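Structural description and commentary
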Amino acid sequence: MSHSLQKDEVAALLEEIATLMRLAGENDFRAMAFDRAARTIENLDGDINQYIEKQTLTTLKGIGNSIAEDLYIYAETGSIPVREKLLEQVPSGLFSWLKISGLGPKKIFKIHKALNITEITELKDRCKDGSVASLPGLGQKSAENILKSIRWMEQFAERCRVDEAEIIADSFVGILSDAEGVEQVSVAGSLRRASETIGDIDILVAAQEVHSENIMERFVRNSEVVEVLGRGTTKSSVRTGEGRQVDLRIVDPEHYPAALMYFTGSKEHNVAMRQRARTRNLQLNEYGLFHQNADNQADFNRPLPVDSETDIYRHLNLAYIPPELREGHGEFELAEGGISPDLVELRDLQGIIHAHTTWSDGKRSIREMAKACTRRGYRYLAITDHSRTAAYAGGLTVDRVYEQWKEIDVINNEYAQRGTDFYILKGIESDILSDGKLDYPDEVLKGFDLVIGSVHFGLENPPDKMLDRLMRAAAHPHLHMLGHPTGRLLLQREGSKADLNRLIPFAAEHNTAIEINANPRRLDLDWRYGRKAREVNLMSAVCPDAHSEEGLDDVRYGIGTARKAGFPAQRILNTFSLEELMKRLG
Ligand code: DGT
Ligand code: CA
Ligand code: CA
Ligand code: ZN
């Protein structure tokens, strides 16, 4: 059964194959043949499906036998073997290099081949250290241009990290809160939902119409703005110096709850909500919740009373659904009983688990980190420096481990004598070795209060091998928790592809937790595994993986992820009291 094809789709496919061939370093003549075929199809007058049905593609100038065959197969099966093969062959990191302006696939292959690198971060480093400049046909100028393009690209990248978005949002919210006539202001969109990355930043303001003009003026004219992308009386968009887009909507205070819900999204959540309203003969839109008129349209003269988002949910027989859950990902089942899902909050955290000190690659001493924790009101801190295999990060030899324990004992004694209600746990972030073993013998491991196991090398292992490696670690009697389970770096590096839907039940069964690494570059465990985690009662902890004092505050991003994944406080280890935690850790 062949399916109907579009010219544009086919042309784009052929171009993609040409690019892939160049990225794979293949003979350019073959790539050029695909380019030529793409142009032929693009400029074709008739319907391409006719040529495919009659198998007459080769009558077109620029399409040879082999490409014609490829397209017949494509029409038949929806895929082309040569493309599949190339996709396997080309390192996935190289695709992102294509977005660097001025850098074509041939040059990309050349650099990749000569320097054996696949990531943009590596390319940046090699441009800086002169390696790229020394390659034949490139030179100093090229290296500088590549660097410049990368910076440009980074600035205008489509998405950014939550911490980057938050700084910008805070500043706009501050500016708008001070404007005359502003009754309410809130961040909406993906930032309010605590998504792991943010496209544009959405802000909603409630104000009477007479104030709109003034508020808009403030929005588009402030020092953050480098470009006004669009300006209206109720809706404007700007670009900031960081290259981020910020959208502002101003609505009548009366419409604010429904507008907030609408602009918080997600689209999937909104669609389900509107559907739910319709089954109750109601209409939900960005202005409110209305009864229907005879044509099944919203009757704007008959609104239901709505003072808050909660009211809207209530009218639809739902408990309030916190923004983090609004992804069309099972949240309705959770709110169906009329009881709002119980999610962990920042203030539930009683202590910090997973922090580094100057003993390995942290910036602060044990004392300084402990003090930073007491200042923030925490009751305990589990220090988890790197283990010996992580030599690049100052991982601890066995002797150093024992020395560190002594120092921790001394500090804990001081606290006890002074009556300070604070305790430092002896922890470690042990590397998980390639065979799944931990980094110290059992005699050493059993002396720790808390053992985290993390993978720091070999992330590109085949998924099954990685899963096996993680499972072995999870089953280790001395391991309490797996650290950053995929090793992803958001917008930078994909993590391992181990099947977490298998790892999670296995870990739960072995009473091993999986951390939510709160560093905004990681947010790993991904929230999408929350449902599986709930099914099997997986324990977690919201871990800052702090390498500095300020790093401790990253827990707030982790709380966003934990809430998004549906974790209540009872399944987050560092919401427990010290006594309870120590009991759990055995
Ligand atoms: P982002 O910006 O890619 O990180 O993700 P969002 O969710 O912030 O998306 P954005 O900024 O395009 O829109 C903000 C919210 O507005 C979105 O979550 C739901 C709502 N919205 C925007 N466009 C539409 C639409 O066409 N249909 C529906 N149902 N909702 C929309
Ligand atoms: Ca947005
Ligand atoms: Ca937007
Ligand atoms: Zn760490």
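Counting restarts for each chain, with residues numbered from 1 along the sequence as it is written. To label them, take the chains in the order written and letter them from A, then take the ligands in the order written and number them from 1. Since the coordinates come from a predicted model, pLDDT governs what is reported: local features require at least 70, and pairs of side-chain atoms require 80 or more to be given and counted, while whole-chain, interface and lining totals use all residues. Remark: hydrogens and water are excluded; side-chain values derive from all non-hydrogen atoms of the structure.

Concerning the packing of helix H2 (residues 28-42) against helix H4 (residues 65-77)
- Where H2 meets H4, the closest approach of the two axes is 10 Å, and the angle between their N-to-C directions is 60 degrees. The angle between H2 and H4 places the two elements in the oblique class. Relative to H4, H2 is oriented so that their crossing is right-handed. Packed against H2, whose contacting residues are Ala33, Phe34, Ala37 and Ile41, the element H4 presents Ile67, Asp70 and Leu71 at the interface. What counts as an axis is a line fitted to C-alpha atoms, over the stretch in contact for a helix, and the angles between N-to-C directions run from 0 to 180 degrees. A run of H or I in DSSP counts as a helix once it spans at least four residues, and a run of E counts as a strand once it spans at least two, with each numbered from the N terminus. Just so you know how the angles are binned, under 35 degrees is roughly parallel, over 145 roughly antiparallel, 65 to 115 roughly perpendicular, and the rest oblique. Two helices crossing with the near one rotated counterclockwise from the far one by less than a right angle form a left-handed crossing, whereas a clockwise rotation gives a right-handed crossing. A contact between two residues is defined here by any heavy atoms of the two lying within 4.5 Å.

What about the coordination of the calcium ion (ligand 3)?
- Around the calcium ion (ligand 3), the donor atoms from the protein are Asp200 (OD), Asp200 (OD), Asp202 (OD) and Asp247 (OD), and they sit 2.3 to 2.7 Å away.
- Mapped onto the sequence, the residues coordinating the calcium ion (ligand 3) show the spacing D-x1-D-x44-D.
- Donor criterion used throughout: N, O or S atom within 2.8 Å of the metal, extended to 3.2 Å for Na, K and Ca. Water excluded; incomplete-looking sites may result. Separating the calcium ion (ligand 3) from the calcium ion (ligand 2) is a distance of 3.7 Å, and Asp200 supplies a donor atom to each of them. Of this pair, Asp202 sits in strand E4 (residues 201-206) while Asp247 sits in strand E7 (residues 245-251), and the two are 45 residues apart along the sequence. As far as the burial class goes, Asp202 and Asp247 line up, both buried. Exposure classes here rest on a 1.4 Å probe applied to the protein chains alone. A residue is buried below 20% of its type maximum, exposed above 50%, and partly exposed in between.

Topic: the pattern of salt bridges
- Whenever Lys or Arg places a side-chain nitrogen within 4 Å of a carboxyl oxygen from Asp or Glu, that contact is recorded as a salt bridge. Scanning the model with the defined rule gives 43 salt bridges in all.
- Of the charged contacts, one joins Glu84 and Arg83 as a salt bridge, the two residues approaching to 3.6 Å between their closest N and O atoms.
- Linking Arg302 and Asp299 is a salt bridge whose minimum nitrogen-to-oxygen distance equals 3.1 Å.
- The class for Arg302 is partly exposed, based on a relative accessible area of 38%.
- Given a relative accessible area of 17%, Asp299 falls into the buried group.
- One salt-bridge network, held together by shared partners, links Arg22, Asp28, Asp35 and Lys106.

Here's the deal with the site of ligand 1
- A cutoff of 4 Å decides nearness: a residue is near a molecule or strand if any of its heavy atoms lies inside that distance of it. Taken together, the neighbourhood of ligand 1 is formed by 16 residues, with Arg159, Ser190, Arg193, Gly199 and Asp200 sitting nearest.
- Definition of a polar contact: a pair of N or O atoms within 3.5 Å, with one able to donate and the other able to accept a hydrogen when the atoms are protein atoms, and with sequence-neighbouring residues admitted only if both atoms are side-chain atoms. Between ligand 1 and Asp202 there is a distance of 3.0 Å, counted from an oxygen atom to a side-chain nitrogen or oxygen.
- At 3.3 Å from a nitrogen atom of ligand 1 is found a side-chain nitrogen or oxygen belonging to Arg274.
- Contact with the protein chains covers 70% of the free accessible surface of ligand 1, which is 600 Å².
- Of all elements in the fold, only helix H11 (189-192), helix H13 (256-264) and helix H14 (267-279) reach the threshold of two or more residues within the shell around ligand 1. Note on areas: these come from Shrake-Rupley sampling with a 1.4 Å probe, and a residue is covered only by the protein chains present in the view.

Section: the coordination of the calcium ion (ligand 2)
- Those donors, Asp200 (O), Asp200 (OD) and Asp202 (OD), are the protein atoms that reach the calcium ion (ligand 2), and they lie 2.2 to 2.6 Å from it.
- Any site counts as irregular unless it has four donors with all angles between 85 and 135 degrees, making it tetrahedral, or four or six donors with opposite ones more than 155 degrees apart and the rest between 65 and 115, making it square planar or octahedral. Classification of the site at the calcium ion (ligand 2) as irregular follows from its 6 donor atoms and the range of 71 to 166 degrees in their angles at the metal.
- Given a relative accessible area of 25%, Asp200 falls into the partly exposed group.

With respect to the nonpolar core
- Take the buried residues of types Ala, Val, Leu, Ile, Met, Phe, Trp, Tyr and Cys, join any two whose side-chain atoms come within 4.5 Å, and each joined set is a nonpolar core. Counting 61 residues, the largest nonpolar core has Leu381, Ile424, Phe448 and Leu482 as its most contacted members.
- Counting residues per element, this core draws most heavily on helix H20 (residues 463-474), which supplies 6 residues.
- Those residues within four positions of Phe448 in sequence are excluded, and the remaining contacts are Val401, Trp405, Lys426, Gly427, Ile428 and Tyr440.
- Within the second largest apolar cluster, 51 residues are counted, among which are Leu13, Phe34, Cys127 and Leu138.

Let's talk about the packing of aromatic side chains
- Think of it this way: a Phe, Tyr or Trp ring, Trp meaning its six-membered ring, pairs with another when their centres are within 6.5 Å, and the plane angle makes it stacked under 30 degrees, edge-to-face over 60, tilted otherwise. Throughout the structure, instances matching the rule amount to 9 aromatic pairs.
- One aromatic cluster is present, formed by Tyr402, Trp405, Tyr440 and Phe448 through successive ring pairs.
- Two conditions define a charge located above a ring, namely a distance within 6 Å from the ring centre to NZ of Lys or CZ of Arg, and an angle within 35 degrees of the ring normal. It is Arg469 that lies over the ring of Phe457; its NZ or CZ is 4.8 Å from the centre.
- A cation over a ring is seen here: Lys564 above Trp527, with NZ or CZ 4.7 Å from the ring centre.

Details of the domain arrangement of the protein chain
- As annotated, the domain borders come from an automatic or database domain assignment. On domain assignment, one finds that the protein chain holds domain 1 (7-155), domain 2 (157-251), domain 3 (268-341) and domain 4 (346-585).
- Computed over C-alpha atoms, the centres of domain 1 and domain 4 are 42 Å apart.

Some thoughts on H4
- Compared with the 18 Å implied by 1.5 Å per residue over 13 residues, the 18 Å span of H4 between its first and last C-alpha is a close match.
- Among all positions in H4, only Ile67, Ala68, Asp70, Leu71, Tyr72, Tyr74 and Ala75 are buried.
- In this structure, the buried residues of H4 make contact with helix H1 (7-23), H2, helix H3 (48-53) and helix H5 (81-89).
- One or two positions beyond H4, positive phi appears at Gly78, with a value near 80 degrees. The span one expects for a helix is its residue count, reduced by one, times 1.5 Å.

Some remarks on the sheet that holds strand E8 (residues 282-285)
- Pairing is antiparallel across the open sheet formed by 3 strands, whose spatial order is E8-E9-E10. Bordering the open sheet on either side are E8 and strand E10 (298-303), each of which pairs with just one other strand. When strand polarity is set aside, the average angle formed by the axes of neighbouring strands in this sheet is 50 degrees.
- Being paired, for any two strands, means DSSP has found at least two bridges between them. Of the pairings in the sheet, the one linking E8 to strand E9 (residues 288-292) comprises 4 bridges and is antiparallel in character. In the sheet register, Leu282 faces E9, and the bridge partner there is His291.
- Most of the contacts of H14 go to E8, to which it runs at about 160 degrees, and overall it touches E8 and E9.

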